[in-house]
Amino acid sequence: VKFYERMGDLEQARHLLSRTKHLSIDKSWKTVLEGALLEARVGRYSMAREVLKYLTHYVPWYGPLYLAHTKLERDYGSPPEAFSIVEKGLKELPRYGPLYFQAFRLLEKEDLSQKAFDLPRTMEMVSRADSISRELLWKVHLEAAQMQERSAVLAVQDNPKKLHLRATLQPTRRSYAKAIMLCPPNLSWKIWLASGRTEVSCGNTRGARDLFLRAYDSVSEKGRSTVLLECARLEEFCGDLVLSRSILCKTRQQFGKSDWKVWLSSVNLECRCGYRERAIAFAQEALNKHRGTGRLWAALIQLRHDDGELFQMKILRCALQAVPKSGEVWCEGARIHLNPFSPSFDLQAASRHLSFAARFTPQYGDSFLEQLRLNMIDQWLIPLATPFINGMLDTFVSSCSNNKDTQIEAYQFLAEHVKEAADVMKTQLEENVDTVIKDVLDTSELELRCSSADPNYGHLWFQCRDSPIDTAREVITQAKTVMADFVVDYAHLYIAAMVRRAGVLMLVHHRVEKKATAPTTVESAQELGLSTILGLLSPNSCQWDTMVDKELRAAPSLDQMLPSPSGVAGSTLFTTGCGGNGQNWDKLSLTEKRRILFGSDSLLS
């Protein structure tokens, strides 16, 4: 069944599943469950729901059934139904821990939606969870502490005049204390780190240092690098970059051969401080030791942006040879092709790269958000660019008789039409932003694929996610607003890039057709090669791709064609989906810095 689903042959998969109807449910329920999950992944919600109801009725002793059914209802926007399934599962399996954690997420959302910041229903469920095994009980109180922290932050934001965060976090500290008392000694360091992060959130950096020190004293050798990285982030947050670098240097010396994350942290620190060359040096040294780590390759590709698209593409090819199944690397390739200032701007190539990225690393959320940007460009901007492209083609065909075939004249002709398209679109958008109909965007397929993959990390993903308890569909919804504003603000640049690419392709076709139809002498055949001419007439050939890439790089770039395109700074805006990595670290607020430094990974993993 999984094989046929992967091959896209759903009818054959369903045909196999149909054979189970004659079998006893005791023998076939696992296969039936796989069928239900298949239907959920392809968007047949009603069918999946009915099958899961059937299974939970006849196989009530299997906990993951309730989890799968709960996730289905939650993702399709039915929290009350999801919670009723959790209650049904807990009635059958009162000691099954994962159902309690699912209930915590559902109830926390409900309490916060009603501005019940003391989380009454959630904490009642926490009290009920005392019946689970002692091995999981400490995680219950750790989860309770993190829920109370999120609630306290929102409560202070809702009433900043009467509440102070440091005092509001008292219930959180009590939950951490319970977790410490119940936690196995070898895992207590995770609680010390989590509680230290909580103290950072209320500005108690001295208390955070003490807690991180306790974590360092109690952690095993295997997890020591994680604690040291947390200490380095704390010192960076406090502004002591010298100490932060010193901690990272010690961590690289001790754990650099076994843990690639210590190198990535060093790269990120230098990036935030604006020392690009130091960051590149760290990335290259890291890849000498951890050549099979996709996130290091992705970081190096982004760092090489200022060196030009050609250099980035060379690094990308090396990365794909080293880690061909890294979704992070494929996503960086898509970003290069989605950058309107890039000579290789190509929406079809970007689509192929994002398809590979989502297939190889579905947990990487940035791939889905970049796909959202691509969908907006496809559905909103291509129809606006088409009249400019058609007009350019008509003008070129009518002017061919004038024999203006020199390269300079061709590029001048192209630049005029690119500039005209950019100017017209910019004026239209300034006069009437509704030129782009932002509310007409079908993301149902993207939401379905993203919900099935359930991503959990990515720089852009964390940027668009409001809370760790947000579902994948909610993150996509939140990203729509941010991404739509960005795409519309720079729509004239995207359209200009489309016109430029179409113009270069037009010139390539014209040149090839002219050579192919010209009388072929022995000398001309030897110079060009008849097989090459015939191959170039097919857009699917390697010769065609090579020639197009060469011509795209030879033609004037977008920043040369437009009068004031902001140059490299403008190009940097498009290194990620909504604004790039060009934020000035010193201008960020403490809240934004804390979110970037401490809000990007889970201590429970």
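For clarity, every value in this text was computed on a predicted model and none was experimentally measured.

Visitor: What's the story with the overall build of the protein in this structure? I'm lost.
Guide: Scanning the protein from N- to C-terminus turns up 33 helices and zero strands. Excluding contacts between residues fewer than 6 apart, the proportion of contacts in the protein whose partners are at least 24 apart in sequence is 67%. Summed over all atoms, the accessible surface of the protein reaches about 29,700 Å², with 53% contributed by carbon and sulfur. Charged side chains of the protein number 76 positive and 72 negative; the gap between the two group centres comes to 7 Å.

Visitor: Would you mind showing me how to read the pattern of salt bridges here?
Guide: Close approach of charged atoms allows side chains of opposite charge to pair. Per the counting criterion, the structure on display carries 37 salt bridges. For the salt bridge of R245 with E270, the shortest nitrogen-to-oxygen distance reads 2.9 Å. In this pair, R245 is assigned in helix α15 (residues 241-255) and E270 in helix α16 (residues 261-273), connecting sequence segments 25 residues apart. For R245, a relative accessible area of 21% puts it in the partly exposed group. The network of salt bridges with shared partners includes R276, E277, R304, D306 and D307.

Visitor: I'm lost on the side chain of R465 in this one. Help?
Guide: Secondary-structure assignment places R465 in the loop between α25 (459-464) and α26 (472-489). Discounting chain neighbours no more than four positions away, the residues touching R465 are D470, V475, Q478, R595 and G599.

Visitor: Can you help me understand the side chain of S175 in this one?
Guide: Mapped onto the elements of the fold, S175 is located in helix α11 (residues 170-182). Relative accessible area serves as the criterion here: at 6%, S175 is assigned to the buried category. Separated by 2.7 Å, the side chains of S175 and Q148 make a polar contact. Filtering out sequence-adjacent residues up to four positions away, S175 remains in contact with H141, A144, A145 and Q148.

Visitor: Honestly, the layout of surface pockets in this entry has me stumped. Any pointers?
Guide: Volume-wise, the second largest pocket comes out at about 960 Å³. Within the residue set of the lining of the second largest pocket, elements represented by two or more residues are α19 (309-322), α20 (327-338), α21 (347-360), α22 (366-399), α27 (491-517) and α30 (542-554). Per-class residue counts for the lining of the second largest pocket are 19 nonpolar, seven polar and eight charged.

Visitor: Help me understand the nonpolar core, please; the structure alone is not making it clear to me.
Guide: Nonpolar side chains tend toward joint burial in soluble globular proteins. Membership of the largest hydrophobic core comes to 123 residues, with the highest contact counts inside it found for L381 and I495. The residues touching I495, leaving out its near neighbours within four places in the chain, are L381, L384, A385, F388, A421 and M425. Judged by nonpolar contacts, the second largest core, of 32 residues, contains V86, Y100, L119 and V140.

Visitor: Explain unusual backbone geometry to me, please; I cannot follow it from the model alone.
Guide: Leaving glycine aside, a negative phi is the common case for residues, and trans is the common case for peptide bonds. Unlike most non-glycine residues, K115 shows phi in positive territory, near 55 degrees. Position of K115 relative to the elements: it lies in the loop between α7 (97-113) and α8 (120-128). Here K115 falls in the exposed class, since its relative accessible area comes to 53%.

Visitor: Explain the packing of aromatic side chains to me, please; I cannot follow it from the model alone.
Guide: Each aromatic ring pair is characterised by the separation of its centres together with the angle its planes make. Under the counting rule described, the total for this entry stands at 17 aromatic pairs. Ring plane angle 85 degrees and centroid distance 5.4 Å describe the contact between W29 and W61, whose orientation is recorded as edge-to-face. Of the two residues, W29 sits in helix α3 (residues 25-41) while W61 sits in the loop between α4 (45-58) and α5 (63-75), which places them 32 residues apart along the sequence. Look at W61 and you get exposed, because its relative accessible area is 54%. The rings of F341, F486, Y490, Y494 and F574 are connected pair by pair, giving a single aromatic cluster.

Visitor: How do you make sense of helix α33 (residues 590-598) when you look at a structure like this?
Guide: Because each turn of an α-helix spans 3.6 residues, side chains separated by three or four positions in sequence point in the same direction. Listed in full, the buried residues belonging to α33 are K593, L597 and F598. Buried residues in α33, looked at end-on, bunch into an arc of 100 degrees, giving them a common side. The elements touched by buried residues of α33 are α12 (188-201), α14 (224-238) and α16.

Visitor: Would you explain empty space enclosed by the protein in this entry?
Guide: Any empty space left between atoms is shown by rolling a water-sized probe over those atoms. Scanning all chains against the criterion turns up two cavities of 30 Å³ or more. Of the volumes computed, that of the largest cavity is approximately 50 Å³. Together, P340, F341, S342, P343, F345, A497, R500, R501, L552 and L558 line the largest cavity. Tallying contributions element by element places α27 first for the lining of the largest cavity, with three residues. Per-class residue counts for the lining of the largest cavity are seven nonpolar, one polar and two charged. Lining the second largest cavity we find Y411, V504, L507, V508, R511, E551 and A555. With four residues, α27 is the largest single contributor of residues to the lining of the second largest cavity. By residue class, the composition of the lining of the second largest cavity is five nonpolar, no polar and two charged.

Visitor: When you look at the environment of P563 in this model, what are you seeing that I'm missing?
Guide: Position of P563 among the secondary structure elements: in the loop between α31 (558-561) and α32 (567-572). Residue P563 is classed as exposed on the basis of its relative accessible area of 62%. For the pair P563 and L23, spaced 540 residues apart in sequence, the C-alpha to C-alpha distance is 72 Å.

Visitor: What is the right way to read the state of the cysteines from this model?
Guide: Should the sulfur atoms of two cysteines be covalently bonded, the bond is a disulfide. Inspection of the entire model under this criterion finds zero disulfides. In this structure C238 is not part of a disulfide, and its nearest cysteine sulfur, from C231, lies 11 Å away.

Visitor: I tried to follow α20 on my own but got confused; where do I start?
Guide: In a regular helix each residue adds 1.5 Å, so 12 residues correspond to 16 Å; α20 covers 16 Å between its end C-alpha atoms and thus fits that length. In terms of burial, α20 is largely enclosed, as 12 of its 12 residues are buried. Residues of α20 that are buried: G327, E328, V329, W330, C331, E332, G333, A334, R335, I336, H337 and L338.

Visitor: When you look at the packing of α14 against α33 in this model, what are you seeing that I'm missing?
Guide: How two helices sit against one another is set out by the angle between their axes and by the gap between those axes. In contact at an axis separation of 10 Å, α14 and α33 are set at 165 degrees when each is read in the N-to-C sense. Our classification of the angle between α14 and α33 gives roughly antiparallel. Crossing hand, α14 versus α33: right-handed. Contacts from E230, R233, L234, E236 and F237 of α14 reach α33 at L590, K593, R594, L597 and F598. A breakdown of the residues in the contact of α14 with α33 according to their chemical character gives five nonpolar, no polar and five charged.

Visitor: Would you take a moment to explain the packing of α20 against α21 for this structure?
Guide: Between α20 and α21, the least distance of the axes is 8 Å, while the angle of their chain directions is 165 degrees. One element, α20, and the other, α21, form an angle in the roughly antiparallel class. Seen from above, α20 lies across α21 with left-handed handedness. On α21, the residues touching G327, W330, C331, G333, A334, H337 and L338 of α20 are L347, A349, A350, H353, L354, F356, A357 and F360. Taken together, the residues of the contact of α20 with α21 break down into 11 nonpolar, four polar and no charged.

Reading the values: rules and limits
Residues numbered from 1 in each chain as written. Predicted model: local features only at pLDDT ≥ 70, side-chain atom pairs only at ≥ 80, totals over all residues. Heavy atoms only, no water. Helix = DSSP H or I, 4+ residues; strand = E, 2+ residues; numbered from the N terminus. Contact = heavy atoms within 4.5 Å. Areas by Shrake-Rupley, 256 points an atom, 1.4 Å probe, with all protein chains shown as cover. Lys, Arg positive; Asp, Glu negative; His and termini not counted. Charge placed at Lys NZ, Arg CZ, Asp CG, Glu CD. Salt bridge = Lys/Arg side-chain N within 4 Å of Asp/Glu carboxyl O. Buried < 20%, exposed > 50% of the residue type's maximum accessible area, 1.4 Å probe, protein only. Polar contact = N/O pair within 3.5 Å; in protein donor to acceptor, adjacent residues only side chain to side chain. 1 Å grid on protein atoms, 1.4 Å probe; cavity = no way out; pocket = protein on both sides within 12 Å on 5 of 7 lines; lining within 4 Å. Points joined across faces, edges and corners; volume = space filled by probe spheres on them. Nonpolar A, V, L, I, M, F, W, Y, C, P; charged D, E, K, R; others polar. Core = buried A, V, L, I, M, F, W, Y, C linked by side-chain atoms within 4.5 Å. Phe/Tyr/Trp six-rings, centres within 6.5 Å; stacked < 30°, edge-to-face > 60°. Arc of directions from axis to C-beta. Disulfide = S-S within 2.5 Å. Expected span 1.5 Å × (residues − 1). Axes fitted to C-alpha atoms, helices over the stretch in contact; angles between N-to-C directions. Parallel < 35°, antiparallel > 145°, perpendicular 65-115°, else oblique. Left-handed = near helix turned anticlockwise from the far one by under 90°.

All quantities given are derived from atomic positions and should not be read as evidence of function.
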